[in-house]
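Spelled out, the chains give:
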Amino acid sequence: MSLLLKGARLVDPAVGLDTKGDLLIQEGRIVEVALSTGTDTNITTSADVEVIDMTGRVIVPGFIDLHVHLREPGYEYKETIASGTRAAVHGGFVGVCAMANTNPVADDGAAIEFVHARAAETAYCTVYPYGAVTKGLAGERLAEMGDMRTAGAVAFSDDGRGVQSSKMLRTALEYVKMLDVPLVLHCEDESLVGSACVNEGRISTRLGMKGSPALGEALAVTTALELAKLVGARVHICHVSTRLSVEAIARAKAAGVAVTAEVTPHHLLLTEEALDETYNTALKMNPPLRTEEDRVALIDALRDGTIDALASDHAPHAPHEKDCEFDLAAFGTIGLETTVPALLNDLVTPGMLDLARFVDALAHRPRAILGLEPVTFTPGTPADLTVLDLAHEVTVTPEYLQGISKNSAFLGRTFTGCATDVIQNGRFTMRNGEICGRN
């Protein structure tokens, strides 16, 4: 398929581009980029090229979500590779990284091969599997990292639990250094956090719930960074939620530690103040919503690059796992279809986050962290693109959400700005808001 996308605003911070122009796509690659000189550009095409007017749209390199729970195998009642990747495309993504906390846990090569095979059969976008760090996520024995890397694991993570043993963490870092991939860490000192449901502070006291101290995350982050420095390995910190963690990451980067980090939309946009006597379990996640001071620190860190990437931590759950007492409810909120609109509406449009930095955090930094082929607006690069309409309104309703589970922290919100089209390998997977078919 050959496409000529005309008249869009082309935004690509990797090449310093933010201007109106056209893109010519052939055989799954960008073959020509023409910038506007007045009212038109100078790309000429043959009759077999589909010409599409993209006036009023913003075309950017395709987004990748570094942190997604697809639940398959074992928890298909929550989500599947098919439903989760359909939601991903609907949210504007060309790729997602699948966490290993499935059943069975993805802790050997066969499990990684299953994810690849299932994705080839059913996925709507590319799936990049993470392998587990420890067998069964138990933290006791190292998983078969070499076997999984050979099978196509792009990184390793025990997300859902923190690796509690410093000795085990050091051993894992030594292995990922040899395999030249990052260790993707959920940082939590379980001895401090225990069974806490919300942030420790005024709100936990008012609501009568056990609180999780910010130090429970920050101590684990600091330990991971010191061990990464000792070993000389790459480490990626998941869902940073506290000012203390941001400060530790900033110090480590200044000291030359090979650390990257991500932040979620819910930690950027919500605080513990959203919790009240209704005990809304859609707002129960791990790490929990923190304070306004933490939220401001996260935004500042995203802006200045201390936090590298945006990631949804898409965590689908069935109704019976959320429609219960707050203490008993499962942790997590879905996010694949709300990440882009929520952040455009609440951060980009108000001017709190530059559009170029937003694109960098969803497109370029994730690829760099995982060592994937770059996607830029230069001839020869893959035609994996996300198309945005900054004026289009979407309301987050159960009907809007394409995944199986509907446990969104943003349910009922109306956002201005969203992804309207996704192009992967040179063909539409979503067009004008409608899913076109599998990639």
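Residues numbered from 1 in each chain as written. Predicted model: local features only at pLDDT ≥ 70, side-chain atom pairs only at ≥ 80, totals over all residues. Heavy atoms only, no water.

## Considering the overall build of the protein chain
What the protein chain contains, in helices and strands, is 13 helices and 19 strands. In terms of overall size, the protein chain behaves like a compact globule, its C-alpha atoms giving a radius of gyration of 21 Å where 439 residues would be expected to give roughly 22 Å. C-alpha atoms of the protein chain, sized along the principal axes, occupy 65 × 50 × 45 Å. Taken over 439 residues, the protein chain has a buried fraction of 60%. When the accessible surface of the protein chain is totalled, it reaches about 16200 Å², and 50% of it is carbon and sulfur. With 37 positive and 58 negative side-chain charges, the protein chain shows a separation of 3 Å between the mean positions of the two kinds. (Helix = DSSP H or I, 4+ residues; strand = E, 2+ residues; numbered from the N terminus. Rg over C-alpha atoms; globule rule 2.2 N^0.38 Å. Buried < 20%, exposed > 50% of the residue type's maximum accessible area, 1.4 Å probe, protein only. Areas by Shrake-Rupley, 256 points an atom, 1.4 Å probe, with all protein chains shown as cover. Lys, Arg positive; Asp, Glu negative; His and termini not counted. Charge placed at Lys NZ, Arg CZ, Asp CG, Glu CD.)

## Thoughts on the pattern of salt bridges
A side chain with one charge can pair with a side chain of the opposite charge if their charged atoms come near. Using the criterion set out here, one finds 26 salt bridges in the structure. Put simply, Arg161 and Glu190 hold a salt bridge, and the shortest N to O gap is 3.0 Å. Of this pair, Arg161 sits in the loop between strand S9 (155-157) and helix H4 (166-179) while Glu190 sits in helix H5 (residues 190-193), and the two are 29 residues apart along the sequence. In this structure Glu190 comes out as partly exposed when scored by relative accessible area, which is 26%. Note that Glu174 and Arg170 form a salt bridge whose closest N and O atoms lie 3.3 Å from each other. Of this pair, Glu174 and Arg170 are both found in helix H4, four residues apart, which corresponds to roughly one turn of the helix. The partly exposed category is assigned to Glu174, whose relative accessible area is 34%. On the basis of relative accessibility, which here comes to 38%, the residue Arg170 falls in the partly exposed class. Taken together, the salt bridges that share partners define one network made up of Lys253, Asp308, Arg357, Asp360 and Arg365. (Salt bridge = Lys/Arg side-chain N within 4 Å of Asp/Glu carboxyl O.)

## Some details on the pairing of strand S17 (residues 414-424)
Burial of S17 is extensive: nine of the eleven residues sit out of reach of the surface. The pairing of strand S16 (residues 385-395) with S17 spans eight bridges and is antiparallel. Across the sheet, Val394 pairs through a bridge with Phe415, a residue of S17. Here S17 pairs with strand S18 (residues 427-431) via three bridges, running antiparallel. By the bridge assignment, Ile423 is partnered in S18 with Phe428. In textbook terms, the turn of a hairpin is the stretch between consecutive antiparallel strands, and for S17 and S18 this stretch comprises two residues, one of which, Asn425, has a positive phi near 55°. (Pairing = 2+ DSSP bridges.)

## What about the packing of helix H12 (residues 339-348) against helix H13 (residues 355-370)?
As a packed pair, H12 and H13 sit with axes 11 Å apart at the nearest point and diverge in direction by 150°. It follows that H12 is roughly antiparallel to H13 by the angle criterion. Of the two possible hands of crossing, H12 and H13 adopt the one that is right-handed. Only Leu355, Phe358 and Leu362 of H13 make contact with H12, whose side of the interface consists of Thr339, Val340, Leu343, Leu344 and Val348. Here the contact of H12 with H13 is built from residues that sort into seven nonpolar, one polar and no charged. (Axes fitted to C-alpha atoms, helices over the stretch in contact; angles between N-to-C directions. Parallel < 35°, antiparallel > 145°, perpendicular 65-115°, else oblique. Left-handed = near helix turned anticlockwise from the far one by under 90°. Contact = heavy atoms within 4.5 Å. Nonpolar A, V, L, I, M, F, W, Y, C, P; charged D, E, K, R; others polar.)

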